[in-house]
Amino acid sequence: LVVTNRDLVSNKLKTIAMASIAPISTAPISGVNVAKRKFFQCNDPYVKYHPSNKTKDTSTVCKSPSASTIIYGSAFSPPYRSKRYFVACTSNGCIAVWDTQPSSSAPSQDVNLDKSGPLKPILIVDVGGESRSNNNALYDLQFIQTSNGDHLLIASGDPGTVVYKWSNFEAAIAAAVDGGEACLAPKCQDPSSVEASFDLHPVTTFRPHPSPANSFGESVEINSTSYSKSDGILFGAAGDMYGCYQWDLATEKLLGTFGGASRFDNGGHRDYLHVVKAIPENEGMGSRYVITGGEDGNMGFWDGKDRKLIEMMNVQTTMDKNKDLVTSNATSNNRSFMSSSSTPNNGSNSWVSSIGTNGNWLAVCGGAETTNNSITSRSGPSSSGFMTLWHLPTRTFTSGCVTRESLNSVVYNHSLDCFVSGGNEGRISFWESTNAVRSGRSWSTPPATYTISNNNDDVMVVGGSGSTLDCFVDRVKVSQLQFIS
C-alpha cells in the first residue's frame, strides 16, 4: 500500500540560505584527504571508506530488503498512544518506523521472539522524494524537544540536516495502522500487515556550504547532530573543511561554523568530523560546551556559543602516554596502536567514531589503522580500535582498552548501568560504567554495527549492515526487526 499525503504537513519545505554568511574559500586545503571524507558511504561493512568515481545506484531506494541496506541511525520516539515507536534511517535515504509493542504494552512480552518472524515497519518515509539525487544516504537520527515543547525528528546525511515535526509522523502512523484515530485495538497493529509508504515534507532543511566535493557530483554529508535545548541551537558535524555547523532552530539561520580544517591554524581538526555532542548542564560541563570527534583522531572541547576552542586532545597520543591505564582485547595484546611510521595528530592512524555520556563520564570509541591511507588495513588483521573513558568535568583520561575491532558506536544503557559498543565483528560489547573494562559480549545479526538505541523499558535495538535489526533485553537477543518495503 502506497499512500501520498502531502496535507499532513502545513509547512512548506524551506532551505536555509547561506548568502547572509559569506562562505570561506573552497579551495583544497593542505593536509586534508578528500577521499577519506566518505566515512559511511560504502555498502561493504568491513571497509570504512571506499573512494570511487562511480555514480551511486539509486535503484534500491525503498524497494526490498537487501544485504546492501545499512541502518546508520536510530532512536526511540517520544510516547504516543502509550507507546514509544522505534525509528531508524537507512543508506537508501528512508526513515522507517516500527511498532515494537504490537500485542501488549508490557515490554517483557512485546519483544519476545514470535512465530511471525521479524517485525516489518508500519511506516516508511522517503526523504529524497521527488527531488531524490544520487546522494541520499542518512547517517544519523534523533529526537529533540524544543523549548516550547514541540518534539522534532532530526535526520542527517547526504541531503543535509532534515527537520520534521513528530506530530506529523504520529498522524501518518495513525493512518497507516488503522486508517485514523477511531481504532486503537492491538489487532490493528498486526506486524504481518503491509506497511505504508508516506511522502512527508520536512519543516526545514539545513545544508552545509558548497565544497570541492560538489564539483565531482558528491554531496557534503552531515554525519551527526546534537541539540542544545537551553540555547535552541542545533550542531552538525560535517564531512567538509568547515567542521561543525551551528544553526538556530527558531530563526532557521546558520550562526557560523567552527572546528574545521579550514581553521586548523586556530586549533581546528585536521580532517572531517564524524560526531558532535552538546553536553547538557547536568552532565558536568554546562550546556554551552560541545565535543567534536573526527577522522584525525582528535577530540575537541568547545564553547558552543562563542565557537572558541577550549582544548583539543588526540586520543591515540593520550593512550600511548598513559599505558598504565590501558588494557588490550586485541589479538596481539598490545596496549598501543601507534605504528612506527605514524605521527601523532597527522590524521593517518586513528579516528573518533562515536561519543556517549553518563553524568560525569564520557565514553569515546573509534578505530585505528597501521598503514597510512590503506583501505584493507581498516578492516583486516592490521586494524584495531579503542574504547576510552574520560572524567568529563576535568577532561581527564581515566581508562582505555585497545580492541581487535574498530568501534563505530557507543551508548550508555541506563537499565544495565553500562556502556554498550558495536563495531565490525558482528558482536556488541558491554563495558563498565566508570572503567573501560569489558564485562561481556553478545552476538548480533548485522556483521557491522552502526547504531544502538535504548528505550526506558529495558529494550535495546542494534542495527548496521544488512536490513535486519536485533532487539535485546538484559543482554539477550529476543526478537528482530526488518527493513522492507
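Residues numbered from 1 in each chain as written. Predicted model: local features only at pLDDT ≥ 70, side-chain atom pairs only at ≥ 80, totals over all residues. Heavy atoms only, no water.

A. Structural context of the overall build of the protein chain. Within the protein chain one finds three helices and 30 strands. Considering the protein chain as a whole, with its 485 residues, one finds that 59% of them fall into the buried category. For the protein chain, long-range pairs separated by at least 24 residues make up 57% of all intrachain contacts whose partners lie at least 6 apart in sequence. Only carbon and sulfur atoms are counted for the fraction: they give 49% of the accessible area of the protein chain, which is about 18800 Å². (Helix = DSSP H or I, 4+ residues; strand = E, 2+ residues; numbered from the N terminus. Buried < 20%, exposed > 50% of the residue type's maximum accessible area, 1.4 Å probe, protein only. Contact = heavy atoms within 4.5 Å. Areas by Shrake-Rupley, 256 points an atom, 1.4 Å probe, with all protein chains shown as cover.)

B. Layout of unusual backbone geometry. The backbone phi angle of Arg 307 is positive, close to 60°, even though this residue is not glycine. When its relative accessible area of 29% is taken as the criterion, Arg 307 is described as partly exposed. A positive phi angle, close to 55°, is found at Asp 474, a residue other than glycine. Turning to its location among the elements, Asp 474 is positioned in the loop between strand S29 (468–473) and strand S30 (476–482).

C. Expanded view of the pairing of strand S16 (residues 298–303). Within S16, six of the six residues are buried, leaving the element largely enclosed by the surrounding structure. Going residue by residue along S16, you find Asn 298, Gly 300 and Trp 302 tucked away on one face and Met 299, Phe 301 and Asp 303 tucked away on the opposite face as well. Two strands pair when backbone bridges link them, and strand S15 (residues 289–294) and S16 are joined in this way by five bridges, in the antiparallel orientation. The partner of Gly 293 across the bridge, within S16, is Met 299. One ladder, built from six bridges, connects S16 with strand S17 (residues 308–314); its direction is antiparallel. Considered in S17, the bridge of Met 299 is made with Met 313. Once S16 ends, the chain turns through four residues before running back antiparallel as S17, passing Arg 307 with a positive phi of about 60°. (Pairing = 2+ DSSP bridges.)

D. Summary view of the sheet that holds strand S28 (residues 459–464). Spatially, the four strands line up as an open sheet ordered S27-S28-S29-S30, and their pairing is antiparallel. Of all strands in the sheet, those with a lone pairing partner are strand S27 (449–454) and S30, marking the two edges. Strand-to-strand twist of the sheet, defined as the mean angle between neighbouring strand axes without regard to direction, takes the value 25°. Pairing of S27 with S28 involves five bridges; the strand directions are antiparallel. Its bridge partner lying in S28, Ser 453 is registered against Val 461. (Axes fitted to C-alpha atoms, helices over the stretch in contact; angles between N-to-C directions.)

E. Spatial organisation of the environment of Ile 154. With respect to the element layout, Ile 154 can be found in strand S6 (residues 151–157). The class for Ile 154 is buried, based on a relative accessible area of 0%. For the pair Ile 154 and Leu 141, spaced 13 residues apart in sequence, the C-alpha to C-alpha distance is 5.6 Å. Apart from residues no more than four positions distant in its own chain, Ile 154 is found in contact with Asp 140, Leu 141, Gln 142, Ile 144, Thr 161, Val 162, Val 163, Thr 225 and Leu 234.

F. Looking closely at the confidence of the model for the protein chain. Mean pLDDT over the protein chain: 76, with 66% of residues reaching 70 or higher. Confidence over residues 180–194 falls short of pLDDT 50; this stretch has 28 contacts with residues more than four positions distant or in other chains. For the stretch residues 338–348, pLDDT sits under 50, and the model shows 21 contacts to residues farther than four places along the chain or on other chains. (pLDDT = per-residue confidence, 0-100.)

G. Here's a closer look at the sheet that holds strand S24 (residues 418–423). What the four strands build is an open sheet, ordered S23-S24-S25-S26; its pairing is antiparallel. The sheet terminates laterally at strand S23 (407–413) and strand S26 (438–443), the two strands that pair on one side only. Averaged over neighbouring strand pairs, the angle between their axes works out to 25° when direction is ignored. Taken together, the five bridges between strand S25 (residues 427–432) and S26 define a ladder with antiparallel strand orientation. From the neighbouring strand, Ser 429 faces S26, where its bridge partner is Arg 441.

H. Expanded view of the packing of aromatic side chains. Scanning the model with the defined rule gives 15 aromatic pairs in all. Seen from their ring centres, Tyr 164 and Phe 169 are 5.4 Å apart, and the 85° between their planes marks the pair as edge-to-face. Each ring, one from Trp 166 and one from Phe 169, has its centre 5.4 Å from the other, and the planes form 20°; the classification is stacked. With a gap of three residues between them, Trp 166 and Phe 169 both fall in helix H2 (residues 166–178), about one helical turn apart. (Phe/Tyr/Trp six-rings, centres within 6.5 Å; stacked < 30°, edge-to-face > 60°.)

I. A look at the side chain of Asn 424. Tracing the chain through its elements places Asn 424 in the loop between S24 and S25. At a separation of 2.8 Å, a polar atom in the side chain of Asn 424 contacts the side chain of Ser 406. At 3.0 Å, the side chain of Asn 424 and the side chain of Asn 408 are in polar contact. (Polar contact = N/O pair within 3.5 Å; in protein donor to acceptor, adjacent residues only side chain to side chain.)

J. Structural view of the nonpolar core. Among the nonpolar cores identified, the biggest contains 25 residues, and Ile 95, Leu 153, Tyr 164, Phe 169 and Ile 173 are the most heavily contacted of them. Mapped by element, the contributors of at least two residues to this core are strand S2 (86–90), strand S3 (94–98), strand S4 (123–126), strand S5 (138–145), S6, strand S7 (160–165) and H2. Per-element tally for this core: the top contributor is H2, with six residues. The contacts of Phe 169, once residues within four sequence positions are left out, are Ile 95, Val 97, Leu 123, Val 125, Leu 153, Tyr 164 and Leu 200. Of all hydrophobic cores here, the second largest spans 18 residues; its members include Val 275, Met 299, Leu 362 and Val 364. (Core = buried A, V, L, I, M, F, W, Y, C linked by side-chain atoms within 4.5 Å.)

K. Spatial organisation of the pattern of salt bridges. Inspection of the entire model under this criterion finds eight salt bridges. Between Arg 395 and Glu 311 there is a salt bridge, with the nearest N and O atoms lying 2.8 Å from each other. Here Arg 395 is found in the loop between strand S21 (384–391) and strand S22 (396–403), whereas its partner Glu 311 is found in strand S17, with 84 residues between them in sequence. Since its relative accessible area comes to 24%, Arg 395 is described here as partly exposed. Look at Glu 311 and you get partly exposed, because its relative accessible area is 26%. Glu 405 is the salt-bridge partner of Arg 441, the closest N and O atoms lying 2.7 Å from each other. Taken together, the residues span a long stretch of sequence, with Arg 441 in strand S26 and Glu 405 in the loop between S22 and S23 at a distance of 36 residues. (Salt bridge = Lys/Arg side-chain N within 4 Å of Asp/Glu carboxyl O.)

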